[in-house]
Amino acid sequence: MSIKYTDELDWISPEMLSGFFQGWLNAPAPNHHLDILKSSFKVWLAIDKDRCIGFINAISDGIFSAFIPLLEVLPEYKGKGIGSELVRKMETSLTEQYSLDIVCDANVVPFYERLGFKKCAGMCKRNFQNCRGNS
């Protein structure tokens, strides 16, 4: 397994983004997933051969703060350090930002704590009806 990391999206197709968002009630379809990545401030992908096996994206004002809404690694590639490397690459890309925020599920808090992130209070609202799913 030779994983390559890239922040280039020009050659990525929706077909290369299959298998993500497992367990989501209304997961973005691969074409919508690609639109999300293309609209992001910064993106990093993990590639194995011609398949995207992991990704992270950030949205930002480009000056003060950035937010990481998505980090995913395909199930069969988890536990190999790919997610950690994607976070490190994103952090390096965003070193000029004052704040880097992530909202995550409780079960992945230890993962982010190992990478130097701290718990903080936050609030969120989800409009699930607005997620363009597979239909």
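Novice: Sorry if this is basic, but what is going on with the overall build of the chain here?
Specialist: Broken down by element type, the chain carries 3 helices and 5 strands. The order of α-helices and β-strands along the chain, N terminus first, is β-α-β-β-β-α-β-α. Taking 14 Å as the expected radius of gyration for a compact globule of 135 residues, we find that the chain reaches 15 Å, a close match to that expectation. Principal-axis analysis of the C-alpha atoms places the extent of the chain at approximately 40 × 35 × 30 Å. When the 135 residues of the chain are sorted by exposure, 38% land in the buried category. Residue pairs in contact within the chain that sit at least 24 positions apart in sequence constitute 61% of those at least 6 positions apart.

Novice: What's the story with helix α1 (residues 30–38) in this structure? I'm lost.
Specialist: Working note: α-helix, 3.6 residues per turn, so residues spaced by three or four point in the same direction. Those residues of α1 that sit buried are His32, His33, Leu34 and Leu37. Residues of α1 that are buried in the fold lie against β2 (42–48) and β3 (51–60).

Novice: Quick question: what am I supposed to make of helix α2 (residues 82–93) here?
Specialist: Between its terminal C-alpha atoms α2 stretches 17 Å, which fits the 16 Å expected from 12 residues at 1.5 Å a residue. Those residues of α2 lying buried are Ile82, Gly83, Ser84, Leu86, Val87 and Met90.

Novice: Looking at this model, I keep getting lost on the pairing of β3. Mind explaining?
Specialist: Residues in a regular strand point their side chains to alternate faces of the sheet. Burial analysis of β3 places 7 of its 10 residues in the buried class, which makes it a mostly covered element. Examined bridge by bridge, β2 and β3 share 7 bridges and lie antiparallel to one another. The residue of β3 that forms the bridge with lysine 42 is alanine 58. Here β3 runs beside strand β4 (residues 65–73); their pairing, made up of 6 bridges, is antiparallel. From the neighbouring strand, isoleucine 59 faces β4, where its bridge partner is phenylalanine 67. Between the antiparallel neighbours β3 and β4 lie 4 residues, among them glycine 62 with a positive phi of about 80°.

Novice: It is not clear to me how the confidence of the model for the chain should be interpreted in this structure. Could you clarify?
Specialist: Interpretation of this model should avoid reading the predicted coordinates in detail wherever pLDDT is low. Summing up the model confidence of the chain, the mean pLDDT is 92 and the portion of residues at 70 or higher is 96%. The weakest mean pLDDT in the chain belongs to strand β5 (residues 99–102) at 95; the strongest belongs to α2 at 98.

What counts, and at which threshold
- Residues numbered from 1 in each chain as written.
- Predicted model: local features only at pLDDT ≥ 70, side-chain atom pairs only at ≥ 80, totals over all residues.
- Heavy atoms only, no water.
- Helix = DSSP H or I, 4+ residues; strand = E, 2+ residues; numbered from the N terminus.
- Rg over C-alpha atoms; globule rule 2.2 N^0.38 Å.
- Buried < 20%, exposed > 50% of the residue type's maximum accessible area, 1.4 Å probe, protein only.
- Contact = heavy atoms within 4.5 Å.
- Expected span 1.5 Å × (residues − 1).
- Pairing = 2+ DSSP bridges.
- pLDDT = per-residue confidence, 0-100.

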